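Here's the letter readout for the chains.
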Amino acid sequence: MLHATTACLLIAGAAVSYFASTEKTMGDAQRILYLHVPMAWFGLIAFLVTAITGALYLRSREAEWDYWSQASAEVGWLCLTLTIVTGSIWAHAAWNTWWTWDPRLTTVFILWVINSGYLLLRGNMEDTLQSARFRAVVAIIGALDLPMIVMATRWFRGMHPVAPRMEPGMRVMLLISVAVFSVIFGILLVRRRGHLYLANRIALIKQETD
Amino acid sequence: MVQKDLVSELRTGLVWPPMCLFGLLVAAVFSFQMELLADQRIQIAGGLLWLATVFAGMLVLDRTFAAEREEGCWHAMKLYPVSATMIYFAKFAVNVITLAIIQLILIALFVFVADIPLFKHPWAMLSVAVLGNLGIASAGTILSALGLGIRGNSGLLSLLILAVVIPVVIAAAEATRLICTDDLGDMWRRWIHLLVVFVLVFISAGAALIDFIVEE
């Protein structure tokens, strides 16, 4: 899996650096879009997956759903963090500022805080089963809140580009980038779910031997 | 249950006095920092009012279930022949009453001391105040129930509550600003709709999800 991930990253890196055409006004800084857009999409999708699998856990009480929920939250947190970092770098080149309270930026920031709260909850609780239930509740509440955060922030005028026109070559490059990151996202998700499963098994064996 | 919580607060005075003082302090600090002309003050008064309300409210929301846990009352309470949903609504009602007290104090302060025309349209202001209150209380009550399992006082609850109620703060602040500037048009109605949707979604979610939090 490590080989597959490395190969994916190399393909994406080479394609973005050498084959994607350079944008007329932004120059090379525009290339960050090929990383920023997939990260933002996956950050959002991962949070929805966290909430859906959280709801499935509450319904079935099968630990499997909790592993998926937690793995998705962790991968999603990474994607959202990278979205904010890459967006900031782009913003510095395009707007001459690292951060502005634009509606989209604010939405992603709030989602990042809720996702961070979800991850912190685990370290702040002793009972594993209770922790799984509480995290599922937080994920559902966060997912319910998301459309309202989007609405509240969108009604202010923002400066973030919305679906800008791109030449066909750039569009293809963006699709390649999304495909590559889908594979990486999938690999990370599966691997992390495996880690959580094993960690839980070890904890159970330790409990039995004690 | 509502009566129990209110009587307990009236006898001990653990939450309301610090909450009121904290609300006053937040409002005072904000206004000291912003020596503005009357027109500019009106533009930002909505935001200040709702930020002071939500910060003071955090002190209350944080404590919604904490007293039950600390005093060992929680297990006795679960023996009541009522559903978890009823417990949610009782706690929600207490939070609504408590937030209304801080709102009354802050609104009076803004109107009479800072001369902000919040009552230019009294019914509109009343609806924003009620919806904002219900929004903060509904989301705050369900999230504060997580305190039943969280170790110590890590501040994590406050962080989660603040992040989730941000749409309410933005919508209520904007609706209040539009009231002060005499603009009860389309945009004002949109903010009110958002508040109504938030309140309905979070009351329903709270009533549905509380079962999963309180179960052993």
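First, a word on what this report is: a plain description of the structure on this page. Please read all numbers here as calculations on a predicted model, not as lab measurements. (Residues numbered from 1 in each chain as written. Chains lettered and ligands numbered in written order. Predicted model: local features only at pLDDT ≥ 70, side-chain atom pairs only at ≥ 80, totals over all residues. Heavy atoms only, no water.)

The secondary structure content of chain A amounts to six helices and zero strands. Secondary structure elements of chain A, listed N to C terminal, follow the sequence α-α-α-α-α-α. Along the three orthogonal principal directions, the C-alpha set of chain A runs to about 65 × 45 × 25 Å. Evaluated residue by residue, chain A yields a buried proportion of 45% over its 210 residues. Long-range contacts, defined as pairs at least 24 residues apart, comprise 78% of the intrachain contacts of chain A with a sequence gap of at least 6. On chain A, roughly 11,200 Å² of surface is accessible, and the fraction owed to carbon and sulfur atoms is 67%. On chain A, the mean spot of the 17 positive side-chain charges and the mean spot of the 13 negative ones are 6 Å from each other. (Helix = DSSP H or I, 4+ residues; strand = E, 2+ residues; numbered from the N terminus. Buried < 20%, exposed > 50% of the residue type's maximum accessible area, 1.4 Å probe, protein only. Contact = heavy atoms within 4.5 Å. Areas by Shrake-Rupley, 256 points an atom, 1.4 Å probe, with all protein chains shown as cover. Lys, Arg positive; Asp, Glu negative; His and termini not counted. Charge placed at Lys NZ, Arg CZ, Asp CG, Glu CD.)

If you trace the backbone, Leu 146 of chain B turns up in the loop between α7 (122-144) and α8 (156-164). For Leu 146 of chain B, a relative accessible area of 0% translates into the label buried. Once the C-alpha coordinates of Leu 146 of chain B and Ile 87 of chain B are considered, the two residues, 59 residues apart in sequence, prove to be 14 Å apart. When neighbours within four sequence positions are excluded, Leu 146 of chain B is seen to be in contact with Phe 134 and Val 138 of chain A together with Leu 157, Leu 160 and Ile 213 of chain B.

On the side of chain B, 32 residues touch chain A, which itself brings 28 residues to the contact. Summed over both partners, the interface of chain A with chain B comes to about 2,800 Å²; 78% of that surface belongs to carbon and sulfur atoms. Summed over the three residues of chain A that lose the most area to chain B, namely Ile 141, Met 148 and Trp 155 of chain A, the buried surface amounts to 23% of that side. Linking chain A to chain B there are zero salt bridges. Remark: the boundary between chain A and chain B carries two residue pairs in polar contact (both at pLDDT 80 or more). (Buried area = accessible area lost by both parts, 1.4 Å probe. Salt bridge = Lys/Arg side-chain N within 4 Å of Asp/Glu carboxyl O. Polar contact = N/O pair within 3.5 Å; in protein donor to acceptor, adjacent residues only side chain to side chain.)

It is worth spelling out the packing of helix α2 (residues 33-60) of chain A against helix α4 (residues 103-123) of chain A at this point. All names here are of chain A. Viewed as axis vectors pointing N to C, α2 and α4 meet at an angle of 40°, and their least axial separation amounts to 12 Å. When the axis of α2 is compared with that of α4, the two are oblique. In this structure, α2 crosses over α4, and the sense of that crossing is left-handed. Of the residues in α4, those in contact with Leu 44, Phe 47 and Thr 50 of α2 are Leu 111, Ile 114, Asn 115 and Tyr 118. Broken down by class, the residue content of the contact of α2 with α4 amounts to five nonpolar, two polar and no charged. (Axes fitted to C-alpha atoms, helices over the stretch in contact; angles between N-to-C directions. Parallel < 35°, antiparallel > 145°, perpendicular 65-115°, else oblique. Left-handed = near helix turned anticlockwise from the far one by under 90°. Nonpolar A, V, L, I, M, F, W, Y, C, P; charged D, E, K, R; others polar.)

All right, on to the packing of aromatic side chains then. Within this structure, the stated rule accounts for nine aromatic pairs over all chains. Taken together, a centroid distance of 6.0 Å and an interplanar angle of 0° make the contact between Tyr 88 of chain B and Phe 92 of chain B stacked. Taken together, the residues Tyr 88 of chain B and Phe 92 of chain B, both in helix α6 (residues 84-113) and four residues apart, mark about one turn of the helix. Three or more aromatic residues link up through ring pairs in this structure, and these residues are Trp 77, Trp 99, Phe 109 and Trp 112 of chain A. (Phe/Tyr/Trp six-rings, centres within 6.5 Å; stacked < 30°, edge-to-face > 60°.)

Before going further, it helps to examine the nonpolar core. One finds Leu 118 and Leu 146 of chain B to be the most contacted residues of the largest nonpolar core, which totals 106 residues. Counting residues per element, this core draws most heavily on helix α10 (residues 186-214) of chain B, which supplies 14 residues. One finds Cys 8, Tyr 67, Phe 181 and Ile 184 of chain A within the second-largest nonpolar core, a separate group that totals 16 residues. (Core = buried A, V, L, I, M, F, W, Y, C linked by side-chain atoms within 4.5 Å.)

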